[in-house]
Amino acid sequence: MTDRVCVGAIAGSFGVRGEVRLKSFCAEPEAIGDYAPLFTEDGSRSFTARISRPVKGGFAVRLSGVTTKEQADALKGTRLFANRAALPDLPDDEYYHADLIGMEVLDTGGRSLGHVRAVHDHGAGDLLEIHGPGLKSTVLLPFTNAAVPTVDLGARRIIADPPEGLFSDD
């Protein structure tokens with residue numbers, strides 16, 4: 001597990017006074033400013049964030065040290081990370097996506113299915129993108145209690161009971 005968790009991304013500038021359009025990945029999107037300082041992925045820059053107002057696709061946000069449209073434009077695509085210690089503790093059945101990425105996925109018989117490459121949320125629930133040897137392409141596994149009955153953060157493994165036929169040799 002890493003010391004920082006991705007909590008948002010800058011989608012571009014908003015207006016002409018240095019605000020950015022920020023997409024929040026937080027369960028309570030407006031809480032993103034509460035987890036400051038927010039860091040760039042390489043940790044070279046940090047910001048405090050003050051939400052000005054909701055806008056289409058996120059929030060108009062004032063970041064510390066960003067005062068011009070050109071500075072805001074230069075940050076487009078930047079993912080922002082918060083210190084894990086600043087984030088709320090989660091209930092036993094909830095996980096930060098960053099904790100799941102890289103975990104080994106085993107079927108209920110102990111056979112390795114691959115590793116979690118990414119976690120996707122397309123609105124109908126999370127999907128685990130699984131990649132591994134023997135797979136011609138990545139597999140999207142629904143992240144539900146039925147398909148993923150066990151997540152063991154300590155052992156860094158997931159036990160999956162995938163729907164029949166999801167993995168090619170089922």
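Above this text is the structure in question.
These lines cover the structure that appears in this document, whether it is placed above or below. Everything quoted here is computed from the prediction, not taken from an experiment. (Residues numbered from 1 in each chain as written. Predicted model: local features only at pLDDT ≥ 70, side-chain atom pairs only at ≥ 80, totals over all residues. Heavy atoms only, no water.)

1. A short note on the nonpolar core
Counted only if it meets this: Among buried residues, those of type Ala, Val, Leu, Ile, Met, Phe, Trp, Tyr and Cys that are joined through side-chain atoms within 4.5 Å constitute a nonpolar core. Burial classes follow relative accessibility: with a 1.4 Å probe on protein chains only, a residue under 20% of its type's maximum area counts as buried, one over 50% as exposed, and anything between as partly exposed. The helix count covers DSSP runs of H or I at least four residues long, the strand count covers runs of E at least two residues long, and both are numbered beginning at the N terminus. For this analysis, residues touch if any pair of their heavy atoms sits within 4.5 Å.
Counting 22 residues, the largest nonpolar core has V7, I10, Y35, L38, V61, L63 and L87 as its most contacted members. Of all the secondary-structure elements, those providing two or more residues to this core are β1 (4–14), β2 (19–24), β6 (58–63) and β7 (79–83). Here Y35 is in contact with C26, A82, A86, L87 and P88, once residues within four sequence places are set aside. L128, V139, A147 and A160 belong to the second largest nonpolar core, which has 17 residues in total.

2. Comments concerning the state of the cysteines
Let me state the cut-off plainly: Our working definition of a disulfide is a cysteine sulfur pair at a distance within 2.5 Å.
Applying the stated criterion to the full structure yields 0 disulfides. Just so you know, C26 is unpaired, no disulfide at all, and the nearest cysteine sulfur is the one on C6, 9.1 Å from it.

3. Re the layout of surface pockets
Quick note on the threshold: Two kinds of site are reported from a 1 Å grid over the protein atoms alone, namely cavities, where a 1.4 Å probe fits but cannot get out, and pockets, open sets with protein on both sides within 12 Å along at least five of seven lines, and residues are called lining when an atom falls within 4 Å of a point. Grid points are joined across faces, edges and corners, and a volume is the space filled by probe spheres set on the points.
Each pocket or cavity is described by its volume, and for the largest pocket that value is around 1,300 Å³. Forming the walls of the largest pocket are 36 residues, and the residues nearest its centre are F25, Y95, Y96, H97 and A98. Of all the secondary-structure elements, those providing two or more residues to the lining of the largest pocket are β1, β7, α2 (97–100), β9 (112–121) and β12 (150–152).

4. Let's talk about the sheet that holds strand β4 (residues 46–47)
Applicable threshold: One requirement defines pairing of two strands: DSSP has to find at least two bridges between them.
One open sheet accounts for 7 strands, arranged β4-β3-β7-β1-β2-β6-β5; its pairing is antiparallel. Of all strands in the sheet, those with a lone pairing partner are β4 and β5 (49–55), marking the two edges. Where β1 lies against β7, 5 bridges are found, and the strand directions are antiparallel. Each bridged residue has a counterpart across the sheet, and for A9 the counterpart in β7 is R79.

5. Some words on the sheet that holds β9
Operational definition: Here an angle of 0 to 180 degrees is reported between the N-to-C directions of two axes, which are lines fitted to C-alpha atoms, with helices fitted over the stretch in contact.
Strand order in this open sheet of 6 strands is β11-β10-β9-β8-β13-β12, and the pairing throughout is mixed. Each having just a single partner strand, β11 (139–142) and β12 make up the two edges of the open sheet. Neighbour-to-neighbour, the strand axes of the sheet open up by a mean angle of 35 degrees, direction not taken into account. Pairing analysis gives 6 bridges linking β9 to strand β10 (residues 126–131), with the strands arranged antiparallel. The residue of β10 that forms the bridge with V119 is L128.

6. Focus: unusual backbone geometry
Following A36, the chain continues to P37 via a peptide bond in cis, the omega torsion being 5 degrees. Tracing the chain through its elements places P37 in the loop between β2 and β3 (38–40).

7. Concerning the pairing of β5
Summarising the sheet, β5 and β6 pair through 6 bridges and their orientation is antiparallel. The residue of β6 that forms the bridge with P54 is F59. Linking β5 back to β6 in an antiparallel pair, the connection comprises 2 residues, with G57 at a positive phi of about 80 degrees.

8. Things to note about the pattern of salt bridges
Our working definition: The salt bridge criterion pairs a side-chain nitrogen of Lys or Arg with a carboxyl oxygen of Asp or Glu, the two atoms within 4 Å.
Taken as a whole and assessed by the stated rule, the structure comprises 7 salt bridges. As a salt-bridge pair, R111 and D107 come within 3.1 Å of each other at their nearest N and O atoms. For R157, the salt bridge identified is with D152, shortest N-O distance 4.0 Å.

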